[in-house]
Amino acid sequence: MNNTKATMLGIQHLLAMYAGAILVPLIIGGALGFSSAQMTYLVAIDIFMCGVATLFQVWKGKVIGIGLPVVLGCTFTAVSPIIAIGSGGGLGDVYGAIIASGIIIVLIGGLFGKLIKFFPPVVTGSVVTIIGISLIPVAINNMAGGQGAADFASGSNVALAFITLLIILVIYRFTVGFVRAIAILLGMVSGTVIGIFMGKVDFTPVAEASWLHIMQPFYLATPTFNASAILTMTLVAMVSLVESTGVYYALSDITKKDLTSKDLSKGYRAEGLASIIGGIFNAFPYTTFSQNVGLIQMSGVRDRKVIFITGGMLVALGFLPKLAALTTIIPTPVLGAAMLAMFGMVITQGVRMLAPEIAKSMENAMVAALGVGLGIGVATVPGIFENLPSWMSILTSNGIVAGSLTAIFLNVLFNMVGMKRVDPMHIGEAN
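The residue numbering used here restarts from 1 in each chain and proceeds along that chain's sequence as written. Reporting of local features is limited, given that this is a predicted model, to residues whose pLDDT is at least 70; pairs of side-chain atoms are given and counted only at 80 or more, and all residues count toward the totals for whole chains, interfaces and linings. Remark: hydrogens and water are excluded; side-chain values derive from all non-hydrogen atoms of the structure.

### With respect to the overall build of the chain
Moving on, step 1. Helix numbers and strand numbers start at the N terminus; a helix is a DSSP run of H or I with at least 4 residues, a strand a run of E with at least 2. A tally of helices and strands in the chain yields 19 helices and 2 strands.
Moving on, step 2. The C-alpha radius of gyration computed for the chain amounts to 21 Å, which stays within 12% of the reference 22 Å derived for 431 residues, consistent with globular compactness.
Moving on, step 3. Over its C-alpha atoms, taken along the principal directions, the chain stretches across nearly 65 × 55 × 45 Å.
Moving on, step 4. The classification of residues rests on relative accessible area computed with a 1.4 Å probe and restricted to protein chains. Under 20% of the type maximum is buried, over 50% is exposed, and intermediate values are partly exposed. By residue count, 54% of the 431 residues in the chain fall in the buried class.
Moving on, step 5. Working rule for contacts: check all heavy atoms of both residues, and any pair within 4.5 Å makes them a contact. Partitioning the intrachain contacts of the chain with sequence separation of at least 6 by distance along the chain shows that 83% fall at a separation of at least 24.
Moving on, step 6. His is not counted, nor are the chain ends; Lys and Arg add positive charge and Asp and Glu add negative charge. A charge is said to be at NZ when it belongs to Lys, at CZ for Arg, at CG for Asp and at CD for Glu. Between the centroid of the 21 positive side chains of the chain and the centroid of its 16 negative side chains there is a distance of 12 Å. For the radius of gyration, the atoms used are the C-alpha atoms, and the globule rule reads 2.2 Å times the number of residues raised to 0.38.

### Examining the nonpolar core
Moving on, step 1. What is meant by a nonpolar core is a set of buried Ala, Val, Leu, Ile, Met, Phe, Trp, Tyr and Cys residues, joined one to another through side-chain atoms within 4.5 Å. By size, the foremost hydrophobic cluster in this structure holds 122 residues, and its most contacted members are L23, F76, Y95, M188, F284 and Y286.
Moving on, step 2. Not counting chain neighbours up to four residues away, the residues in contact with Y286 comprise I45, D46, M49, C50, A53, L72, G73, C74, E271, A274 and S275.
Moving on, step 3. Residues V201, V206, A209 and I329 belong to the second largest nonpolar core, which totals 5 residues.

### Points about the packing of aromatic side chains
Moving on, step 1. When two rings of Phe, Tyr or Trp (its six-membered ring) have centres within 6.5 Å they constitute a pair, described as stacked for plane angles under 30 degrees, edge-to-face for angles over 60, and tilted for the intermediate range. For the coordinates displayed, the defined rule picks out 5 aromatic pairs.
Moving on, step 2. Between F48 and F319 the ring centres are 5.3 Å apart and the planes differ by 80°, which places this aromatic pair in the edge-to-face class. Remark: F319 occurs in the loop between α14 (304–318) and α15 (321–328) and F48 occurs in helix α2 (residues 36–58); sequence separation between them is 271 residues.
Moving on, step 3. A centroid spacing of 6.2 Å and a plane angle of 40° characterise the contact between Y248 and Y268, whose relative ring orientation is tilted. Taken together, the residues span a long stretch of sequence, with Y248 in helix α11 (residues 227–255) and Y268 in helix α12 (residues 261–280) at a distance of 20 residues. Of the two residues, Y248 and Y268, neither departs from the other in class, the shared state being buried.
Moving on, step 4. Each member of the aromatic cluster is reached from another via a ring pair, and the members are F112, F119, Y248 and Y268.
Moving on, step 5. The criterion for a charge sitting over a ring is simple: Lys NZ or Arg CZ within 6 Å of the ring centre, and within 35 degrees of the ring normal. If you follow R173 out to its NZ or CZ, it ends over the ring of F174, 5.0 Å from the centre.
Moving on, step 6. If you follow R180 out to its NZ or CZ, it ends over the ring of Y172, 4.0 Å from the centre.

### Overview of helix α16 (residues 332–360)
Moving on, step 1. With 29 residues, α16 ought to run about 42 Å at 1.5 Å a step, and its terminal C-alpha atoms sit 42 Å apart, in line with that.
Moving on, step 2. We define the bend at each residue as the angle formed by axes fitted to the 7 residues ending at it and the 7 residues starting at it. At L354, α16 is deflected by roughly 30°, the largest bend along its length, and proline P356 occurs up to four residues later in sequence. Expected span of a helix: the number of residues minus one, times 1.5 Å.

### Section: the pattern of salt bridges
Moving on, step 1. Any Lys or Arg side-chain nitrogen found within 4 Å of a carboxyl oxygen on Asp or Glu counts as a salt bridge. The final tally for this structure, using the stated rule, is 3 salt bridges.
Moving on, step 2. K60 is the salt-bridge partner of D263, the closest N and O atoms lying 3.6 Å from each other. With a gap of 203 residues between them, D263 in helix α12 and K60 in the loop between α2 and β1 (72–74) connect regions that are remote in the sequence.
Moving on, step 3. D263 gets classed as buried once you look at its relative accessible area, which sits at 7%.
Moving on, step 4. According to the relative accessible area criterion, K60 is partly exposed, its value standing at 45%.
Moving on, step 5. Between K360 and E357 there is a salt bridge, and its shortest N-O distance comes to 3.3 Å. Taken together, the residues span about one helical turn, with K360 and E357 both in helix α16 at a distance of 3 residues.

### Notes on α12
Moving on, step 1. The end-to-end C-alpha distance of α12, which contains 20 residues, comes to 29 Å, matching closely the 28 Å that a straight helix rising 1.5 Å per residue would cover.
Moving on, step 2. Along α12, 14 of the 20 residues are buried, which leaves the element largely enclosed by surrounding structure.
Moving on, step 3. One or two positions beyond α12, positive phi appears at N282, with a value near 65°.

### A short note on the environment of L235
Moving on, step 1. Following the sequence through the fold, L235 ends up in helix α11.
Moving on, step 2. Here L235 is in contact with V401, S404, L405 and I408, once residues within four sequence places are set aside.

### As for the packing of helix α6 (residues 121–143) against helix α17 (residues 362–380)
Moving on, step 1. Here, axes are lines fitted to C-alpha atoms. For helices the fit covers the stretch in contact, and angles between N-to-C directions go from 0 to 180 degrees. At a minimum axis separation of 9 Å, α6 and α17 run at an interaxial angle of 30°. Of the possible angle classes, the one that applies to α6 and α17 is roughly parallel. For the crossing formed where α6 meets α17, the hand is right-handed. When α6 is examined against α17, the residues V122, S126, T129, I130, I133 and S134 are found in contact with a partner set consisting of N364, V367, A368, G371, V372, G375 and I376. Any angle that is under 35 degrees is reported as roughly parallel, and any over 145 degrees as roughly antiparallel; angles of 65 to 115 degrees are reported as roughly perpendicular and all others as oblique. Helix crossings fall into two classes, left-handed where the near helix is turned counterclockwise from the far one by less than a right angle and right-handed where it is turned clockwise.

Shown next, in the form of structure tokens:
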């Protein structure tokens, strides 16, 4: 493949993942009250680390790298936990937890193939569903203009949000292939242009941003290590690894390359290492982006050279804060509309994982019911366990942890301990 064609395909992959990549820092920075300068750094370092994490995976080394044409970005499953940890314990706890969870993933990378049995689809589907539902209020608040905004829920904010959502839906409905894959990105660009004419775009952050900068360790916060935060991020990382495993096997099938347990371990370690470096430079944990898998299948080009180019371009963009600042001027209602679409897809992904498992048995239905129910319940009413002993707060203070551990425990109880009973709902089906 010539370099021109490989570069064009690399740009296509970059565009396909760009909306998902920039949304995460914009959501987290907005929720935690970052300044425009901090937001610009956050977006720039996130794009840079997307490239670094991608290069780690595409390169097939002796210890890290699965060697498949996979693109990585910050996982949406980390958004809600990071906001919760940052709001409660501060940014130091966030980055300490990211670094610690990355170290844990690197250490257990070789064993995760055995631990994965504790994360079947009924568990991971429950966790993904909890995370998606808990993020919806963030999207709705942003569609109204952002929590605490002077013009919260104004007609112009709501109108801009729904116009943006309509544009996304029209593009998604009436296009196919690559254009459909970047429907949310196109909707955000269109919504921002409309926002300019509505007087909702301030170009000051772009004017103030420099053209070039060098990444700095601990730019936003020095890590502190909180046990509850570390447990939360480790569970999130494990769920991300399970999702990544599915992407690995999908790419293995597309590229006709068999995967060994050693290959999987190297892939897991690469994601853990990316999280460690991300935490040091105040970025995020990273996981595989499934939209790029669809792009590979659509184009039929499986050459790792294309993804190497994508990773290189992401790294280069990370050094250009002026371009990163462009993303920070997107009006909050436009972001809210994009979030609603993205987080809604997270929920449907969780439901898609759960549906066939629930159909298998009533035990699985109970695992999902109580896992999701308790997870959302604790997220909605976080004070329910406040009178329990303080040492138990590590398990009960966070909805994702509470829901995840509930689903894991119930799955072990119903599906792994002793003889599994015959589901009365399915008696006689074979007759």
